[in-house]
Structure formats: structure tokens, C-alpha cells
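Next come the chains, spelled out residue by residue.
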Amino acid sequence: MTTQSVSATRGASLEFRAVSKHYDAGERGPGAVNDLSFEVPAGAVCVLVGPSGCGKTTSLKMVNRLIEPTAGRILLDGVDVTSEDVTALRRRIGYVIQQVGLFPHQTIGDNVAVVPDLMGWDKERRRARTDELLSLVGLNPDRYRNRYPYQLSGGERQRVGVARALAADPPLMLMDEPFAAVDPIVRERLQDEFLRLQRELAKTILFVTHDIDEAIKMGDLIAVMEEGGRLAQFGSPDEVLAQPASEFVARFVGLDRGLKRLSLRTIADLVPEDMQAGDGVPTFRPETKLRDALSILLAADTRGGVALDDAGRPVGFVTVDAIASALKGAPPERTTGK
């Protein structure tokens, strides 16, 4: 299935300009947001991360106006979201939440087609779109179309939630801790599947999590928020890990931030040394994360392993020292739609 057959609309730019939300409890109360400013280019994944109560979900919900801002402006492709009809706005923004929110008495097919139905699409077009999207998220349409939510696992329901959010081909998707309700193995699988989809679709995504490891894995950009709804740091995952802007950010990303940085790079980022012989030496594919390669080398009690190319042919030798030196180099480039 080609990208063009599934989705024609690419991402839209998103900008927060001095956005605030205050409640009766005051500007530092739970969920409050203060003077939040950052820009997300079209096609990028921006992750809002921080401790509970720092305003992550409030910030997300102000984009589709489930919560109205107290001050400031939110621009979607340069247009203030408060200037649009709220119903029309929400229909062009995909929304995925932790508990999915599928309608229990509707089939999976009907759940995916909710927004196209509201937009007046005919039955054949809704059916074709539903089948496209179920296939895209890895669910066989013939098997799942006529099932009900209670007949699916948590991971399968979350996939349906993503398909439903994509149904009207939105340029922007909001995702509020979408994978938090499943076990770690399923969560990792869903993260990987989502990144695969994003490489194909290049939507603009605002993603909320409290987990810094998830933020590093999922984001092209990270907005670290602190108590009182203030922006503590904004930048690429490598920038945040390499140069925390404050003591708060340093504590939040963790003492192991050096190892976390290695999860951003792969064997393909290294220049292999000349080949060295040896029995039982580990081998690494180009896509192997440096953090994983280092763990394998330490467990094998060896100083290096063989780097392979995409065809599985040896291209050189990678050492523990070379992996450690990668932390001293320039941050890896992370393009949108990675």
C-alpha cells in the first residue's frame, strides 16, 4: 500500500505564542500553563514531557480547544485556532488518548469511520477508508472490521484508536499518553509501529508523556515542562540530553543521560575500523542502537564486534572506545518524519 493511497495531507506547522491557562487555584495550580512559546515545523513529532501536574495535557487540549487558553495564541499553519469554528477545527485534528475511547456498541469499522460519517462521506468511501487504515495499522480488515471493542486486546484497541484519528486525513495529531495503558512489550511494539507510520505519513504530532525514555524515542523535538506549566527546555532529544538547561532538566532526564544519548545513534553513524579476526565476535546490523551494541560487547567481554552493511556483509570493526567517543561528536541529525 502506497502512502498516496492512504493519505494525501502532510503535516501542518504548529506554534504556541506566549500561551497561558490559569485556574482558580492560581498560576501555579495543577494543570496551569504559563507563557508557553515554541514552534513545531510541519511533519515533526514534538513531545511534551514533564512531571504530573505540569500542564502537558492542558497544553495539548488547548490546541483543539477542549480547553480554552487564558492568554496567548496557538497557530495551526499560521491561523489562530480560536478564529475557527470549533467543530470544523476538531474534525481536522486527530486525537488519540490513553483509554482509546472507542464506542463499545459500534463495530471497529464504524468506530474508525466516525468522523468521515459526520463529514457526509458515502458508504463506499467510508468502507474503503476504514479498510485502508486498518491495514495500515496492522489489522486485517476482513478479520477486524465487524468485531467489537471488547473482542480486542488493549494493543489492538490502541491501533484502532490511531486508525480512527487518521480517518479524515488530519494534518495534525494530538496524542495524550497513547501507549501508557498497555504492558511494556506491547508498548514498545506500538511505539515502533507508530514510528513506521510516521515515516510514511509525515503528520505533525504533539505527543504527551511523563516518560523521558519514550520522549527520546518518539520525538524529533522535546518540550520539557516543569511545575507551574513553564517551559524548562525545548530542543532535539540529543540537545536536551547533552546540555540540560537547568538543574531541574538534568534531574528529570536522569544521571544515565549519556547512555540515553547512545539510544539515539546506530552502528551506521560510526566509521568502522579495519577488520579484525576472532571467533564468536558479535555482529551488528546498521540499525543497531549504540546503546544495545555497547551492552552486547560488555556482556560478551570483548572490545569490539563486526559492523555489517544492509546486505549482511562485513564492513569493518566497531569497538567499545569508538562507541564511547560517539558521545563527544556532534548530535545526530533527526529529520522530520524519521
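Rules behind the numbers
- Residues numbered from 1 in each chain as written.
- Predicted model: local features only at pLDDT ≥ 70, side-chain atom pairs only at ≥ 80, totals over all residues.
- Heavy atoms only, no water.
- Phe/Tyr/Trp six-rings, centres within 6.5 Å; stacked < 30°, edge-to-face > 60°.
- Helix = DSSP H or I, 4+ residues; strand = E, 2+ residues; numbered from the N terminus.
- Buried < 20%, exposed > 50% of the residue type's maximum accessible area, 1.4 Å probe, protein only.
- Lys NZ or Arg CZ within 6 Å of the ring centre and 35° of its normal.
- Expected span 1.5 Å × (residues − 1).
- Polar contact = N/O pair within 3.5 Å; in protein donor to acceptor, adjacent residues only side chain to side chain.
- Pairing = 2+ DSSP bridges.

**Student:** Would you explain the packing of aromatic side chains in this entry?
**Tutor:** In this description, a pair of aromatic rings is defined by centroid distance and the angle of the planes. Applying the stated rule across the entire model yields 6 aromatic pairs. A ring pair is formed by Phe16 and Phe38, whose centres lie 4.7 Å apart and whose planes are at 20°; its orientation type is stacked. Taken as a pair, Phe16 in strand E1 (residues 14–21) and Phe38 in strand E2 (residues 33–40) lie far apart in primary sequence, 22 residues in all. The exposure class of Phe16 is buried, given its relative accessible area of 1%. Three or more aromatic residues link up through ring pairs in this structure, and these residues are Phe16, Phe38 and Phe234. One Lys or Arg, Lys21, reaches over the ring of Tyr23 and ends 5.5 Å from the middle of that ring. Sitting over the ring of Trp121, Arg125 keeps its end group 3.7 Å from the ring centre.

**Student:** It is not clear to me how helix H6 (residues 123–136) should be interpreted in this structure. Could you clarify?
**Tutor:** Each α-helix winds once per 3.6 residues, and so residues spaced three or four apart point in a common direction. With 14 residues, H6 ought to run about 20 Å at 1.5 Å a step, and its terminal C-alpha atoms sit 20 Å apart, in line with that. Along H6, the residues that are buried comprise Arg129, Thr130, Asp131, Leu133, Leu134 and Leu136. For H6, the capping residue at the N-terminal end is Asp122, with a side-chain oxygen 3.2 Å from the backbone nitrogen of Glu124. Gly138 occupies a position one or two residues after H6 and carries a positive phi of about 85°.

**Student:** Hey, could you run me through the sheet that holds strand E13 (residues 314–319) in this one?
**Tutor:** The strand order across the open sheet built from 3 strands is E11-E12-E13, with neighbouring strands paired in mixed fashion. In this open sheet, the two strands that pair with only one neighbour each are strand E11 (283–284) and E13. Pairing analysis gives 5 bridges linking strand E12 (residues 304–308) to E13, with the strands arranged antiparallel. In the strand pairing of E13, Gly305 is matched with Val318.

All quantities given are derived from atomic positions and should not be read as evidence of function.
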